[in-house]
Amino acid sequence: MISALSAPFRWLLDRLALVGYGTRFFLRLCGLGIAAFRRPRLVIDQIHFVGNYSLSIILVSGLLIGFVLGLQGYYTLRRYGSEEALGLLVTLSLVRELGPVVTALLFAGRAGTSLTAEVGLMKAGEQIDAMEMMAVDPVARVLAPRFMAALICMPLLAGLFSAMGVLGGYIVGVEMIGVDAGAFWSQMQGGVDWIEDVGNGVVKSIVFGFTVAFVALFVGYEAQPTPEGVAHATTTTVVVASLAVLGLDFILTALMFSST
Amino acid sequence: MNRKLVDLLVGLFVVLGFAALVFLAVRAGNMSGSLALSDTYEARARFDNIGGLKPRAAVRSAGVVVGRVTGIRFDDQTYQAEVMLALDRRYQFPKDSSAQILTSGLLGEQYIGLTPGGDSQMLAAGDRITMTQSAVVLENLIGQFLYGKAAEGGAK
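*Asks:* I'd love a proper account of the overall build of chain B, names of residues and values included.
*Replies:* Helix and strand content of chain B: three helices and eight strands. Listing the helices and strands of chain B from first to last along the sequence gives α-α-β-β-β-β-β-β-β-β-α. Radius of gyration (C-alpha) of chain B: 23 Å, far over the 15 Å computed for a compact globule of 156 residues. For chain B, the C-alpha atoms occupy an extent of roughly 95 × 45 × 30 Å along the three principal directions.

The following block contains the structure:
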């Protein structure tokens, strides 16, 4: 009966099965991720691998984005004579959008690819099969600690990114252009709500952490165990994770900020 | 790499990350402000028109922030807006103080200005501020101006 089905229909069924398998894999990762804390050493090692090594790129790009926001914001705000709102503009755009989103994109590029490549190569080198032979669950031993580490790192990295961006905006706006420092901070504090804006930004970054970590590990685990397969999987991780982050960001923004 | 160094670097990363989040909440956000105003008492005021006043707007007296707007609702008995104010417990105001809705700058945020009266009794929790002045609505202002001009033209 199946063989009689037309090609596009079979393709659709395959996709659906993949979605189902992905969901099952995701739930399994979440469950085993909590269990992974019984061996915190593994998680800490992965935080070092995923978080500390991403630190330099996150801090530098946060600072540069802050610089650019400061300059561009100033040029536009000056037309309306409200340069004092520069701090508000820089901080709101960072904590609401740019912080979580750009961090997630960079995180997918920096940490996601290395997770995919690592897991893919473990599979190509038959390490995963060897673990299964020894009755060690590779999902619990290899994937779950990496998943948890990425989840922990994402909000912290996004916070660091936003904080560096605010500093960058301060350096350009106040130190270089000469916006009044008092107005810069007071407008910012007047307009940025720590639950509505900062809290929602953190929620966003946690959701993106789930997305990027899951995509990277799933794609790596399902990679063809060949050099080309691993290369293909790494590319897929960046494309799928970036698109998923941007799509989710639209949905989350619509949910969080539509009422205000 | 040895164990100790990894632990140290991870610890540093986690502490830095949390420090950044606290910085955003306290220095860039208004966490310090909203926590400082935890000890408050509530007063109410009715306005004919609140203009663009929003919850969490500031209540100022002599330009100093003395409280926040905690809620706004429409009263369908009097057809007026009822505004709930949380005032800092450190500051007491006479019972006959008046509240007006003002705008900071030409197009800035709207806030409530409290002008103290001369009563010897002070506002208690749950009291109503009776003397209120509505927000200035730009359209009404322009309308009045045009009427005035037209009347002037007709008199000539």
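Read on for the rest.
*Asks:* Can you tell me about the overall build of chain A, naming the residues and giving the values?
*Replies:* Scanning chain A for helices and strands turns up eight helices and zero strands. Overall, chain A shows an N-to-C arrangement of helices and strands of α-α-α-α-α-α-α-α. Taken along its principal axes, the extent of the C-alpha atoms in chain A is 70 × 45 × 30 Å. Residue burial in chain A is summarised as follows: out of 260 residues, 43% are buried.

*Asks:* Can you lay out the nonpolar core for me, pointing to particular residues and giving the numbers?
*Replies:* Considering soluble globular proteins, one finds that nonpolar side chains tend to be buried as a cluster. By size, the foremost hydrophobic cluster in this structure holds 78 residues, and its most contacted members are A:F147, A:A150, A:C153, A:M154, A:L157, A:V212 and A:L217. The element contributing the most residues to this core is helix α5 (residues 138–177) of chain A, with 20 residues. When near neighbours in sequence (up to four residues on either side) are disregarded, A:M154 contacts A:A104, A:F107, A:S205, A:I206, A:F208 and A:G209. In terms of nonpolar packing, the next biggest core, distinct from the first, is built from 23 residues, B:A43, B:V66, B:A81 and B:F93 among them.

*Asks:* Tell me what's going on with the packing of helix α3 (residues 86–124) of chain A against helix α7 (residues 194–221) of chain A, and back it up with residues and numbers.
*Replies:* The axes of two packed helices give the description: the angle between them and the distance between them. Residues and elements named next belong to chain A. At a closest axis distance of 8 Å, the pairing of α3 and α7 adopts a crossing angle of 20°. Relative to α7, the element α3 lies roughly parallel. Note on packing geometry: the crossing formed by α3 with α7 is right-handed. Residue composition of the contact of α3 with α7, grouped by class: 16 nonpolar, eight polar and four charged.

*Asks:* Outline the sheet that holds strand β8 (residues 131–133) of chain B, listing residues and values.
*Replies:* Residue and element names in this part refer to chain B. Read from one edge of the open sheet, eight strands run β7-β1-β4-β3-β2-β6-β5-β8, paired in mixed fashion. The two strands at the open ends of the sheet, each matched to only one other strand, are β7 (127–129) and β8. Between one strand axis and the next, the sheet turns by 35° as a mean value, whatever way the strands run. Note that strand β2 (residues 58–61) and strand β3 (residues 64–75) share four bridges and pair antiparallel. The partner of V59 across the bridge, within β3, is G67.

*Asks:* Could you give an account of the pairing of β3(B), naming the residues involved and the relevant values?
*Replies:* All names here are of chain B. If you look at the hairpin formed by β2 and β3, you'll find two residues sitting between the two strands, and A62 has a positive phi there, around 55°. The pairing of β3 with strand β4 (residues 80–88) spans eight bridges and is antiparallel. Counterpart to D75 in the pairing with β4 is Q80. The hairpin turn running from β3 into β4, its antiparallel successor, is four residues long, and Y79 in that turn takes a positive phi close to 55°.

*Asks:* Would you mind going over the environment of A:V245 in detail, with residue names and values included?
*Replies:* Residue and element names in this part refer to chain A. Within the fold, V245 resides in helix α8 (residues 227–257). It is 26 Å that separates the C-alpha atoms of V245 and M122, two residues lying 123 residues apart in sequence. Excluding residues that lie within four positions of it along the chain, V245 makes contacts with V101, A104, L105, A108, F208, T211 and V212.

*Asks:* Please provide a residue-by-residue account of the packing of α3(A) against α5(A), values included.
*Replies:* Residue and element names in this part refer to chain A. Relative orientation of the contacting elements α3 and α5 amounts to 145°, with a least axis distance of 7 Å. Like other packed secondary-structure pairs, α3 and α5 cross with a definite hand, here right-handed. Looking at the contact of α3 with α5 residue by residue, the classes come out as 21 nonpolar, eight polar and one charged.

*Asks:* Can you break down the pairing of strand β6 (residues 110–115) of chain B residue by residue, with the values?
*Replies:* Residues and elements named next belong to chain B. Sheet topology note: the β2/β6 ladder contains two bridges and is parallel. Within β6, the residue paired with R60 across the bridge is G113. Inspection of the sheet shows strand β5 (residues 98–103) paired to β6 by six bridges, in the antiparallel sense. Residue pairing for β6: A99 is matched across the bridge by L114.

Conventions adopted
- Residues numbered from 1 in each chain as written.
- Chains lettered and ligands numbered in written order.
- Predicted model: local features only at pLDDT ≥ 70, side-chain atom pairs only at ≥ 80, totals over all residues.
- Helix = DSSP H or I, 4+ residues; strand = E, 2+ residues; numbered from the N terminus.
- Rg over C-alpha atoms; globule rule 2.2 N^0.38 Å.
- Buried ≥ 20, exposed ≤ 12 C-beta atoms within 10 Å, placed from the backbone.
- Core = buried A, V, L, I, M, F, W, Y, C linked by C-beta atoms within 7 Å.
- Contact = placed C-beta atoms within 7 Å.
- Axes fitted to C-alpha atoms, helices over the stretch in contact; angles between N-to-C directions.
- Parallel < 35°, antiparallel > 145°, perpendicular 65-115°, else oblique.
- Left-handed = near helix turned anticlockwise from the far one by under 90°.
- Nonpolar A, V, L, I, M, F, W, Y, C, P; charged D, E, K, R; others polar.
- Pairing = 2+ DSSP bridges.

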